[in-house]
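# What the coordinates show
Each chain, letter by letter, is given below.
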Amino acid sequence: MTAATTLLIVDADIVTRDRAVQPLRRAGYAVVEAGDGAEALGQCRACHPALVLLARTLPDCRGVDVLRQIRADPALAAIGVVVCAGGESRAGWQAEALDAGADDYLADALAAEDLTARVRLHLRRQENANRLNARDARLIEAQALAHLGSWELDLASMQGDWSDEMYRLLHRDPALGTPAFEAFAELIHPDDRAGNQQAFARIFSATEPFTFQYRTHPSRGPLRHIAATIHVIRDAAGKAVRAIGTALDVTERVQVEEALRTSEARFRTVVQSSWDAFHLVAPDGCIIYESPGIIRVLGYQPDEVIGRNVREFVHPEDLRNAAGATPDRLRAPGDHRSVELRVRHKDGSWCWIEAFQVNLLDRPEVNAVAVNYRDITDRRASEEALRQSQSLRRIAGQAARLGGWTIDVATRKTTWSDEVCAIHDLPAGYEPQLDEAIQFYPPEYREQVTRVVETCAKDGTPFDFELEMNTAKGRRIWVRAIGDAVRDSTGRIVSLQGAFQDISDRKQHEQEVALLVDRLTTTLESITDGFFTLDRDWRFTYVNAEAERMILRQRSELIGTTIWEAFPETVDSEFDRSYRRAIEQNATVDIEAYFAPLQKWFDVRIYPSDQGLAVYFRDVTGRRNLEDQLRQSQKMEAVGRLAGGVAHD
């Protein structure tokens, strides 16, 4: 008790009030008085006393009416109230007072010492109750913050009691009260009820606390994963009499674990199914991880290279490009570079590989240089063959005085190769209109040249003629012109193309000119694969950055949508049929198809899995274009051979 403790005495009789006021003030309490109900309520609001001694009858109302107003006011509801009969009793007034919210009642007037002791006892009891309420409030708050509910169950009556958090966790209205033991199962996910029943059956035999997990019923609210712990209380005879337990919401943990499992499964799918190989190289150059892709790329098993220095496998002339060598471009965390180097295959041969290296030395969980690499030996050979072929074609063109040309049918603009320009004694890059080009022929030949060109442009009739012409410098030479029509996908003639040769030497010397052009083998320039995954509902679950670049779509707009929604053009296409075939046959499917909206060709490999599909694809438009070049080169080679044959004749 402190001097600051305020009491309110409410009684119409001033003598009665004084008999209470004097001893309480002597005891150190601050006492205020009120003679009726209205004044009593005013004093409560003004000084907010710790305790009110309220007479049962007042001039303007009954004491119990004042009590009800105090309890109805949230600002006053916590004030302790003792109703005093003052020696005038009527049957049942005590119950009415307690029902209205009285903390206690005095049926008879008390001596000063007894009154003081009674007030002190009540205040102490009220203080303890406040402490208990505060502790309960903190417990409730802590349980809410921790998503932890608690409960207890009387095993004899099978009646229990729940904390507030238990109701929230299991989506039950607290107004319904604690459910009966049998009704608790209705709050549990149907698939978990059997396990829950088995857990509760252990109560009667368990000697130690035990745990189990269950999910809430999905129809009652958001699905929650609950980790439950049960502790059994036994009497002196060892009989189980009471069970207490906790329920912890572990939904986030379960979701994180599931996301981690999904991420790990995706990573394994990417690493194990990729055409490429992948390894991690420690700062000292030792390989600390190798993917199964090395089997396809270099012929080694992963465990044959792990622990060995990457320099052991690199060609001596390419060591500066090895992952263990950290050039300036790869010194800082996050730095990356793409290099091409030669690596020894298990069979002893040297393979060209393209390696994309990323410095992850600053990441404790990695502490290595990550390297994604692929075999580009065939590509390098194709590029070298193409370079040699182009070089030979230039040499052959110069030696045979042979060039190529095209005419755009719509614009009548001609495009000449450098050699055709040279034959006309014009600078490289000169591009005359068709009518101007025909003017190089003498007047007697112009009608013939015009006729065969127009006929070819109209109905595709090829032409091959040998005529004299005058160069820009006035030289009179013999030339051979060969032409054919080029059609688009609809069959419409869009251009003419052909060969043009100075055959003056043949006419003069009848010398055979041979054109040697190696057959071109073309492939697309290697690029990092695009990759995405679909679930069993055909929805995108993952899209990598290279796929974003190639298909010109952001992953944020694709994730969660079906492939048919995102790309309606693929419905009933080769892509559609291949995806479905992979799922239906549970087999890997490889296709190469044209995607019209992007005007690109893609080489696609499709892997089925329990989760859906993993799809790798690469842009092979460049390769397709190179193939067209090869066909053009072959055609030019054929023209050259034909020209050579004519020269020989």
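Placed above this text is the structure.
Reading the values: rules and limits
- Residues numbered from 1 in each chain as written.
- Predicted model: local features only at pLDDT ≥ 70, side-chain atom pairs only at ≥ 80, totals over all residues.
- Heavy atoms only, no water.
- Helix = DSSP H or I, 4+ residues; strand = E, 2+ residues; numbered from the N terminus.
- Polar contact = N/O pair within 3.5 Å; in protein donor to acceptor, adjacent residues only side chain to side chain.
- Contact = heavy atoms within 4.5 Å.
- Pairing = 2+ DSSP bridges.
- Axes fitted to C-alpha atoms, helices over the stretch in contact; angles between N-to-C directions.
- Phe/Tyr/Trp six-rings, centres within 6.5 Å; stacked < 30°, edge-to-face > 60°.
- Buried < 20%, exposed > 50% of the residue type's maximum accessible area, 1.4 Å probe, protein only.
- Lys NZ or Arg CZ within 6 Å of the ring centre and 35° of its normal.
- Arc of directions from axis to C-beta.
- Salt bridge = Lys/Arg side-chain N within 4 Å of Asp/Glu carboxyl O.
- Parallel < 35°, antiparallel > 145°, perpendicular 65-115°, else oblique.
- Left-handed = near helix turned anticlockwise from the far one by under 90°.
- Nonpolar A, V, L, I, M, F, W, Y, C, P; charged D, E, K, R; others polar.

## Details of the side chain of D276
By secondary structure assignment, the location of D276 is in the loop between helix 8 (251-273) and strand 11 (277-281). Among the polar contacts listed, one links the side chain of D276 to the side chain of N372, at a separation of 2.9 Å. A distance of 2.8 Å separates polar atoms of two side chains, one belonging to D276 and the other to R374. For D276, the residues in contact, after removing those within four places along its chain, are G293, R296, N372, Y373 and R374.

## A short note on the sheet that holds strand 17 (residues 414-416)
Read from one edge to the other, the open sheet built from five strands follows the order 17-16-20-19-18, with strand pairing classed as antiparallel. The sheet is open, and its two edges are formed by strand 17 and strand 18 (463-470), each paired on a single side. The sheet shows a mean angle of 25° between the axes of neighbouring strands, taken without regard to direction. Taken together, the seven bridges between strand 16 (residues 402-408) and strand 20 (residues 493-502) define a ladder with antiparallel strand orientation. When the sheet's bridge partners are listed, T406 is paired in strand 20 with Q497.

## Description of the packing of aromatic side chains
Think of a pair of aromatic rings as described by two things: how far the centres are apart, and how the planes are tilted against each other in angle. Enumeration according to the criterion identifies 26 aromatic pairs in this entry. Ring geometry for Y300 against F313: centres 5.4 Å apart, planes inclined by 80°, an arrangement best described as edge-to-face. On the criterion of sequence distance, the pair formed by Y300 in the loop between helix 9 (293-298) and helix 10 (302-305) and F313 in the loop between helix 10 and strand 13 (336-344) is long-range, its members being 13 residues apart. Residue classification places Y300 among the buried residues on the basis of a relative accessible area of 9%. A relative accessible area of 7% places F313 in the buried class. Taken together, the aromatic side chains of W151, W162, Y167, F184, F200, F212 and Y214 make up a single cluster linked through ring pairs. Taking NZ or CZ as reference, R202 lies 4.2 Å from the ring centre of F210, over its face. One residue, R624, lies across the ring of W601, its end atom 3.3 Å from the ring centre.

## Looking at helix 4 (residues 93-100)
Inspection of helix 4 places W93, A97 and A100 among the buried residues, and these make up the whole buried set. The buried residues of helix 4 occupy an angular sector of 65° when the element is viewed end-on, so they sit on one face. G101 occupies a position one or two residues after helix 4 and carries a positive phi of about 115°.

## Looking at the pattern of salt bridges
Tallied over the entire structure, the rule returns 45 salt bridges. Between E33 and R25 there is a salt bridge, with the nearest N and O atoms lying 3.9 Å from each other. Judged by relative accessible area, E33 falls into the partly exposed class, the value being 25%. A salt bridge links R224 to D249; its shortest N-O distance comes to 3.6 Å. Note that R224 is positioned in the loop between strand 8 (210-215) and strand 9 (225-234) and D249 in strand 10 (residues 240-249), a separation of 25 residues in sequence. Judged by its relative accessible area of 13%, R224 is buried. Take D249: its relative accessible area is 18%, and that puts it in the buried class. Each of R62, D65, R68 and E96 takes part in one network of salt bridges that share partners.

## A closer look at the environment of R19
Here R19 lies in helix 1 (residues 14-26). Considered as a pair, R19 and L115 are 96 residues apart in the sequence and their alpha carbons are 9.8 Å apart.

## Some points on the packing of helix 2 (residues 37-47) against helix 3 (residues 63-72)
Running from N to C, helix 2 and helix 3 point in directions that differ by 30°, and their axes come no closer than 10 Å. With respect to helix 3, the axis of helix 2 lies roughly parallel. Read as a crossing pair, helix 2 and helix 3 show a hand that is right-handed. On the side of helix 2, the interface is formed by G37, A40, L41 and C44, while helix 3 contributes V66, Q69 and I70. Classifying every residue of the contact of helix 2 with helix 3 by side-chain character gives five nonpolar, two polar and no charged.

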